[in-house]
Amino acid sequence: MPGAGGPPLSPFSVSLPSLKIRPGSRFFESSSGGPVLLLGDTAWELFHRADRSEVSVYLRNRSEKQFNLVLACLVPELDGVHTPNRLGQRPFLNGEPLTPDRDYFDFVRSCVAEAAALGLRFGLLPTWGDKVNNDWGIGPRIFNEDNARAYGLFLGRNFSEFAPIWVLGGDRNPRAQDIPIWNAMAAGLREGSADTALITYHPNGKFSSSQWFHDAPWLSFNSLQSSHYEKHYPNHQMIEADWLREPRKPVLDLEPCYEDHVVRVWDLEYGPLSPDHPYPDSLLYPLAKDGIFDECDVRQAAYWSVLAGAAGFVYGHNSIWMMWQPGIMPAAPVRRDWKSALDAPGANNMTLFRRFFERGGFQGLVPDQSLLLTGRERGHDHVRAARTNDNTCILAYIPQGRPETLLLDSLVGDRHSSRWFNPKTGDVVSGETWNRMRERRFVPPRKGRSWDWVLILEPAGTTVWTT
């Protein structure tokens, strides 16, 4: 096996700083100094369905939009064992994890090296979960404790120079018989990387890794999947629950609702899919009884996440996760090819999202729903609030512009002021100034589904939260 007794894979020059998590910390830091807000994009099938030039197109676009993490699968979901990638390569010789194909993994390493040069880190899935548990999915089941550890060792030795995040699980909740396999793969990754690997676990929808692995020595941070079940799914509740767990670890919503994804698409009764044309909206909309996730849903999930305590957010688009383009059979109805989806509204909104929280100082936020007198209900009107740890600023995300009342006792100073940040445009609208009071009702500049706002409260005459 190359890298585990055989010759190492081709070398690359890499300058991307590694990530670290201090004991008891809830966010990531760069080895070169300073906190890091992770902003990820989901491209599960990147190594399987894109050629080398297309990978470059994708990476450059994501770098320009200020993403700093890309999730991709080394043994992908859509028959990633037997169906070759665009270069005619498969991950393993004869489908056997103990004999990885050198050409395939050199191709992957070249993609990861290019990403590093652009400031992008990969979140690498060693395998999609159906290769461990194929109760559903294409499979086949090819991993056991022995080869999972050897495969993890191979990956750790040949990718640790790129400082990736390793994502086990692949959309599967572990059965009792699966846990030793994932533990073995994690052990191999840690040994192969000289114990520097950051590792998490990607479960089914509505679950978090914390249910099985929070205390596992290899789990660096928790990941959850709020998924594609319903509009306004309360991912903030899952984030908050993991934020409160001891010992403290960062938490991410690794798979929230994807832009252009049909809500509960698995319940649709749609006709045959075409490998050459997108699914027409004239047919899709009548079938999508529960709707289609759009950029408003994406923004809501993102701001709910960080204000509930997440260390970042992972965006996804229905066409991009499967890298669909004409000539390739889609896994579900798609509305556009992946290249045109690169500039979808939700992806552009993520640039503003990262800028807003990094400039303001996300690492100093403390989730605090006690600040709200209204807006706590579940659903599309749910408001999330947080304050800075020195009580010099309060933030409240208001999804649809409804007036809300907040308690202001904790805010320092005798005179306060408000501003309104528009997550869709990045514009900031000035609010009001008032003398200290216990509570106050705030009316956003506009209301409606596409008018979500972040309310910023500070001592008058100061700019605590830089926008």
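All values reported here derive from a predicted model rather than from experimental measurement.

Novice: Explain the pairing of strand S18 (residues 428-435) here, please?
Specialist: Every regular strand shows the same layout, with side chains that alternate between the two sheet faces. Judged from the six bridges that link them, strand S17 (residues 415-421) and S18 form a sheet pairing that is antiparallel. For His416, the partnering residue across the bridge sits in S18 and is Trp434. In this antiparallel pair of consecutive strands, S17 and S18, the connection spans six residues, and Gly426 shows a positive phi of 85°.

Novice: Just to check I follow, could you spell out the sheet that holds strand S9 (residues 207-208) for this structure?
Specialist: Pairing between sheet strands relies on hydrogen bonds along the backbone, with the strands arranged either parallel or antiparallel. On the basis of which strands lie adjacent, the open sheet formed by three strands has the order S9-S10-S11 and mixed pairing. The sheet terminates laterally at S9 and strand S11 (251-253), the two strands that pair on one side only. Where S9 lies against strand S10 (residues 222-225), two bridges are found, and the strand directions are antiparallel. Bridged to Phe207 within S10 is Gln225. Strands S9, S10 and S11 of the sheet are contacted by helix H7 (residues 235-243), whose axis makes an angle of about 165° with S11.

Novice: Explanation requested: the pattern of salt bridges in the structure shown.
Specialist: Going through the model one piece at a time under the given rule, you end up with 34 salt bridges. Across the pair Arg22 and Glu29 runs a salt bridge whose closest N-O atoms are separated by 2.8 Å. Since its relative accessible area comes to 8%, Glu29 is described here as buried. Salt-bridge contacts for Arg86 lead to Asp51; the nearest nitrogen and oxygen are separated by 3.5 Å. Of this pair, Arg86 sits in the loop between strand S5 (69-73) and helix H3 (102-117) while Asp51 sits in the loop between helix H1 (46-49) and helix H2 (52-64); the two residues are 35 residues apart in sequence, bridging distant segments of the chain. Since its relative accessible area comes to 39%, Arg86 is described here as partly exposed.

Novice: Even after reading the chapter, I still don't get the state of the cysteines, so can you show me in this structure?
Specialist: Covalent bonding between the sulfur atoms of two cysteines is what defines a disulfide. Tallied over the full model, the rule gives zero disulfides. In this structure Cys111 is not part of a disulfide, and its nearest cysteine sulfur, from Cys73, lies 14 Å away. Overall, the relative accessible area of 0% leaves Cys111 in the buried class.

Novice: How should I be thinking about the environment of Glu114 in this particular structure?
Specialist: Summarising the element assignment, Glu114 is placed in helix H3. Residue classification places Glu114 among the buried positions, given a relative accessible area of 18%. For the pair Glu114 and Phe12, spaced 102 residues apart in the sequence, the C-alpha separation amounts to 9.4 Å. With sequence-adjacent residues up to four places away left out, Glu114 is seen in contact with Arg52, Ser56, Leu59 and Arg60.

Novice: I'm lost on unusual backbone geometry in this one. Help?
Specialist: It is generally the case that most residues other than glycine have a negative phi and that most peptide bonds are trans. For the peptide bond that leads from Gly139 to Pro140, omega is 0°, which places it in the cis range. Considering the arrangement of structural elements, one finds Pro140 in the loop between strand S6 (121-125) and helix H4 (145-159). Between Glu246 and Pro247 the backbone carries a cis peptide bond, its omega angle lying at -5°. Residue placement: Pro247 occurs in the loop between H7 and S11. The backbone of Arg264 sits at a positive phi, close to 50°, despite the residue not being glycine. You can see Arg264 is positioned in the loop between S11 and helix H8 (281-287). A residue is classified by how much of its surface remains accessible, and Arg264, at 28% relative accessible area, is partly exposed. With a phi close to 60°, Asn391 is a non-glycine residue in the positive phi region.

About the thresholds
Residues numbered from 1 in each chain as written. Predicted model: local features only at pLDDT ≥ 70, side-chain atom pairs only at ≥ 80, totals over all residues. Heavy atoms only, no water. Pairing = 2+ DSSP bridges. Helix = DSSP H or I, 4+ residues; strand = E, 2+ residues; numbered from the N terminus. Contact = heavy atoms within 4.5 Å. Axes fitted to C-alpha atoms, helices over the stretch in contact; angles between N-to-C directions. Salt bridge = Lys/Arg side-chain N within 4 Å of Asp/Glu carboxyl O. Buried < 20%, exposed > 50% of the residue type's maximum accessible area, 1.4 Å probe, protein only. Disulfide = S-S within 2.5 Å.

Interpretation in functional terms is not warranted from these geometric data alone.
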